[in-house]
Amino acid sequence: MIKMNQILDKRELAPRIKEVVVYNPKIASKVRAGQFIVVRVCEEGERIPLTVADWNRDKGTLNIVFQEVGVSTYKLGKLGVGDVIKDMVGPLGNPSEISLFGTVICVGGGVGVPAIYPIARELKGAGNKVVSIIGARSKDLLIYEEEMRRVSDELRVTTDDGSKGRKGFVSDELRDLLKSGLKVDRVITVGPAIMMKVCAEVTRPYNIKTIASLNPIMVCGMGMCAACRVEVAGKTRFVCFEGPEFDAHQVDFDVLLMRLNAYKAEEQMALKKFLEGGG
Ligand code: FAD
Ligand code: MG
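A quick note: this is a predicted structure, and the numbers were derived from the prediction, not measured.

Draft legend 1. Region of the structure containing the overall build of the protein chain. A tally of regular secondary structure across the protein chain gives 9 helices and 15 strands. For the protein chain, the C-alpha radius of gyration of 18 Å lies close to 19 Å, the compact-globule estimate for 279 residues. Overall, the C-alpha framework of the protein chain stretches about 55 × 40 × 40 Å when taken along its three principal axes. Out of the 279 residues in the protein chain, the part that is buried amounts to 51%. Here the contacts in the protein chain between residues at least 6 apart in sequence split such that 64% fall between residues at least 24 apart. For the protein chain, the accessible area works out to roughly 12,900 Å², and carbon and sulfur atoms hold 51% of it.

Right, dumping it as C-alpha cells:
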C-alpha cells in the first residue's frame, strides 16, 4: 500500500540537486503552475517551502526539485524511495496568471528552471509564443533542459563559465534578445533574487510587464507568521498568500536580498553541526 507523502521515485539531476516524486493525491488534484508546498521533513524539522515542478493527477503524485543548501534540504535529500516525508501542506500561493499574452519570455536560473517549467508549459498551452532562457553556473548544474525545450518555441542556454550555451548570465541573453527588436509582451523570471533583480532592470526601459516569483524566507506559508514579507510598490506584502508572483518592477529586491541573508551565520553553524554529527 502506498502511503501519503511517500517518495515513489528519486533522481539526482546534478550535484546536490535532487528530484523526488511524492504521493499526495490531495495536493496533486488541485495544484496549478506557480504554486508551492510547505514541507516538514521529519518530526523535529522546520517548515520549508518548495515549488511543485510537475504533477500527475491520475497517479496522485508531485515532482519536487530541490537544491541541498542547508540542514532541511540535506535531510530531505537523504530520504530515499519508500521513505515518507513527515508532512506537506498545499497547494499554497496563487497560481501563475495564464492567458494569451502574445510572446512571453520565461527566464529561469538554477532550481528556478524546474519551477518555471509548468508555467512555460501552461503559457504555451494557452497559445503564447514561449521563448525560454535558462541558465546555471556550469553545464553540470543545468537542469530541466529537455523539459523546457519541449514546452518552448525557442530555448536559449547560458552558463556563467561558458561550459554550455552562451557564456554569461540569463540576463545578458535577455538584454540581447530585447535589443534585437523582438516584440515581447511579458517576461516571467524565476531564480535567485539577484538574477530576478537584474532581469527586472533589463526590461524596465522597454516597459515590458515583468513578473518575478519571489523566494523569501517563509515559515507558515499561509499568512500568519509574516516571515515572508517583502516590499512591493512601497507596501508590505506577504509572498505566501499574496504571491509568490509580483510585478518585478515594483519589488524592492535589496530588502529581499538582505532578509534572505539574515540568518546566514546560524544556518552555517547548524549545517556544520549536522554534517559533523554524520548528517
Ligand atoms: P538553510 O541553511 O536553513 O538556509 C539556506 C538559505 O536558504 C538561507 O540563507 C535563506 O536564503 C534560504 N532559506 C532558509 N530557510 C528558508 C525558508 N524557511 N524559506 C525560504 N528560504 C529559506 N528551493 C529549491 O531548492 N527548490 C524549490 O522548488 C524551491 N521553491 C521555493 C518556493 C518558494 C515560494 C520559496 C519562498 C522558496 C523556495 N525554495 C526552493 C527555497 C527553499 O525553501 C530554501 O532553499 C530552503 O528553505 C533552505 O532550507 P535549508 O534548511 O536547507 O537551508
Ligand atoms: Mg534551514
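Here the narrative resumes.
Draft legend 2. Expanded view of the nonpolar core. Formed by 49 residues in total, the largest nonpolar core has its most connected members in Val 39, Leu 62, Ile 85, Met 88, Leu 123 and Met 148. Here the element with the most residues in this core is helix 3 (residues 112–125); it accounts for 7 residues. Taken together, domain 1 (7–92) and domain 2 (103–260) each give at least three residues to this core, which thus spans both. Setting aside anything within four residues of it in sequence, one finds Leu 123 in contact with Glu 97, Ile 98, Ser 99, Phe 101, Val 104, Cys 106, Asn 128, Val 130 and Ile 188. Membership of the second largest hydrophobic core comes to 35 residues, among which are Ile 133, Val 184, Ala 193 and Val 251.

Draft legend 3. Fine view of the packing of aromatic side chains. Under the defined criterion, the tally for this structure stands at 2 aromatic pairs. Between Tyr 117 and Tyr 144 the ring centres are 5.5 Å apart and the planes differ by 70°, which places this aromatic pair in the edge-to-face class. Within this pair, whereas Tyr 117 is found in helix 3, its partner Tyr 144 is found in the loop between strand 8 (129–136) and helix 4 (145–150), the two being separated by 27 residues in sequence. According to the relative accessible area criterion, Tyr 144 is buried, its value standing at 6%. Here Arg 121 stacks its cationic end above the ring of Trp 55, 5.0 Å away from the centre of that ring.

Draft legend 4. Fine view of the domain arrangement of the protein chain. Along its sequence, the protein chain is carved into domain 1 (7–92) and domain 2 (103–260). Summed over both partners, the interface of domain 1 with domain 2 comes to about 1,700 Å²; 64% of that surface belongs to carbon and sulfur atoms. Considering only the surface of domain 1 that becomes buried against domain 2, Phe 36, Arg 47 and Ala 53 emerge as the three largest contributors, covering 25% of it. Counting every contact that joins domain 1 to domain 2 gives 2 salt bridges.

Thresholds applied
- Residues numbered from 1 in each chain as written.
- Chains lettered and ligands numbered in written order.
- Predicted model: local features only at pLDDT ≥ 70, side-chain atom pairs only at ≥ 80, totals over all residues.
- Heavy atoms only, no water.
- Helix = DSSP H or I, 4+ residues; strand = E, 2+ residues; numbered from the N terminus.
- Rg over C-alpha atoms; globule rule 2.2 N^0.38 Å.
- Buried < 20%, exposed > 50% of the residue type's maximum accessible area, 1.4 Å probe, protein only.
- Contact = heavy atoms within 4.5 Å.
- Areas by Shrake-Rupley, 256 points an atom, 1.4 Å probe, with all protein chains shown as cover.
- Core = buried A, V, L, I, M, F, W, Y, C linked by side-chain atoms within 4.5 Å.
- Domains from an automatic or database assignment.
- Phe/Tyr/Trp six-rings, centres within 6.5 Å; stacked < 30°, edge-to-face > 60°.
- Lys NZ or Arg CZ within 6 Å of the ring centre and 35° of its normal.
- Buried area = accessible area lost by both parts, 1.4 Å probe.
- Salt bridge = Lys/Arg side-chain N within 4 Å of Asp/Glu carboxyl O.

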